[in-house]
Amino acid sequence: MSSTNKQAEYHALKMARKKAQIEASIEKADSEKGVLIVITGQGKGKSTSGFGMVARALGHGLKVGVCQFIKSRTDTGEEAFFKEQPLCEWHVLGDGFTWDTQNLDQDIATTKRAWEVASKMLSDTSYDLVLLDELTYLLSYHYLDKEMVLAALKNRPEQQHVVITGRSAIIELRELADTVSDIKEEKHAYKNGIMAQKGVDF
């Protein structure tokens, strides 16, 4: 048998084993429910990943609610696009990053008003997916009572999916989540003096 044939045979056996493993895993996954996904870490792409799931849900005709905490700008490409979608409700609920406001009382008051919007979505069965963008900061900064937030997430409609983004997700949120992705940063253009780019960063 030639080395090429041996390589082909080895590849076929390897892929057959992999296929059997994957099919066994798929067979075990027999429950259907709303999932809680946390996308955290220091790397770029957390919110972008969340927006990708918003697009995916809308593509399936699902109703989506988006709450953007912390952030205050309303000129982003994602907002311009998603606000045109009839099944997407979009709220920009922040006053800007905390180093911009420099006002703790204002930040906490803004957070509480924002949470009222989010908590209504989390109790409304008409929302199939809710994106809580940058929520992690409000828990790690203690702007919101974590037990209140965790209870709202636990008690949401059974089939409702929730995506939470932001750095430094607290351990209790990680433990509650069905899926946690921790995005690492290897390089970032900004650190080399490259400005945020339209269509890529906002």
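I will try to describe carefully the structure that is included in this document.

**Thoughts on the sheet that holds strand β6 (residues 179-182)**
And then number 1: If you walk across this open sheet you meet the six strands as β3-β2-β4-β5-β1-β6, and the pairing is parallel. The open sheet is flanked by β3 (88-92) and β6, the only strands paired with a single partner. Along the sheet, successive strands turn relative to each other by an average axial angle of 10 degrees, direction set aside.
And then number 2: Two strands pair when backbone bridges link them, and strand β1 (residues 36-40) and strand β5 (residues 161-165) are joined in this way by four bridges, in the parallel orientation. Across the sheet, residue Ile39 finds its bridge partner in β5, namely Thr165.

**Topic: the pattern of salt bridges**
And then number 1: Within this structure, the stated rule accounts for seven salt bridges.
And then number 2: Lys146 serves as the salt-bridge partner of Glu172, at 2.5 Å between the closest nitrogen and oxygen. Linking Glu172 in helix α8 (residues 171-176) with Lys146 in helix α7 (residues 146-154), this pair joins segments that are 26 residues apart in sequence.
And then number 3: With relative accessibility at 31%, the residue Lys146 sits in the partly exposed group.
And then number 4: When the shortest N-O distance is used, the salt bridge between Lys184 and Asp182 registers 3.7 Å.
And then number 5: Lys184 sits in the exposed class, given a relative accessible area of 65%.
And then number 6: For Asp182, a relative accessible area of 36% translates into the label partly exposed.
And then number 7: In the salt-bridge network here, residues are joined through shared partners; they are Arg174, Asp182 and Lys184.

**Overview of the nonpolar core**
And then number 1: With 30 residues, the main nonpolar core has Phe69, Trp115, Leu132, Leu135, Leu153, Ile164 and Leu173 as its most contacted residues.
And then number 2: Of all the secondary structure elements, the ones that give two or more residues to this core are β1, α5 (104-122), β4 (129-133), α6 (135-140), α7 and β5.
And then number 3: Counting residues per element, this core draws most heavily on α5, which supplies five residues.
And then number 4: Counting 15 residues, the second largest nonpolar core, distinct from the first, contains Ile37, Met53, Leu129 and Val163.

**A short note on unusual backbone geometry**
And then number 1: Positive phi values are uncommon outside glycine, yet Glu134 reaches one of about 70 degrees.
And then number 2: With respect to the element layout, Glu134 can be found in the loop between β4 and α6.

**What about α5?**
And then number 1: Compared with an ideal rise of 1.5 Å per residue, which puts 19 residues at 27 Å, α5 spans 26 Å between its outermost C-alpha atoms and is within 8% of the ideal.
And then number 2: For α5, the full list of buried residues reads Asp107, Thr110, Thr111, Ala114, Trp115, Ala118, Met121 and Leu122.
And then number 3: For α5, the capping residue at the N-terminal end is Asn103, with a side-chain oxygen 3.3 Å from the backbone nitrogen of Asp105.

**Some points on the packing of aromatic side chains**
And then number 1: Throughout the structure, instances matching the rule amount to five aromatic pairs.
And then number 2: Ring plane angle 75 degrees and centroid distance 5.2 Å describe the contact between Phe81 and Phe82, whose orientation is recorded as edge-to-face.
And then number 3: Taking the centre distance of 5.8 Å and the plane angle of 15 degrees together, the rings of Phe82 and Trp90 count as stacked.
And then number 4: Here Phe82 falls in the buried class, since its relative accessible area comes to 5%.
And then number 5: Three or more aromatic residues joined by ring pairs make a cluster, and in this case those are Phe51, Phe81, Phe82 and Trp90.
And then number 6: The ring of Tyr127 carries Lys63 above its face, with NZ or CZ at 4.3 Å from the centroid.
And then number 7: Above the ring of Phe202, the side-chain terminus of Arg73 is found at 4.4 Å from the ring centroid.

Calculation notes
- Residues numbered from 1 in each chain as written.
- Predicted model: local features only at pLDDT ≥ 70, side-chain atom pairs only at ≥ 80, totals over all residues.
- Heavy atoms only, no water.
- Pairing = 2+ DSSP bridges.
- Helix = DSSP H or I, 4+ residues; strand = E, 2+ residues; numbered from the N terminus.
- Axes fitted to C-alpha atoms, helices over the stretch in contact; angles between N-to-C directions.
- Salt bridge = Lys/Arg side-chain N within 4 Å of Asp/Glu carboxyl O.
- Buried < 20%, exposed > 50% of the residue type's maximum accessible area, 1.4 Å probe, protein only.
- Core = buried A, V, L, I, M, F, W, Y, C linked by side-chain atoms within 4.5 Å.
- Expected span 1.5 Å × (residues − 1).
- Polar contact = N/O pair within 3.5 Å; in protein donor to acceptor, adjacent residues only side chain to side chain.
- Phe/Tyr/Trp six-rings, centres within 6.5 Å; stacked < 30°, edge-to-face > 60°.
- Lys NZ or Arg CZ within 6 Å of the ring centre and 35° of its normal.

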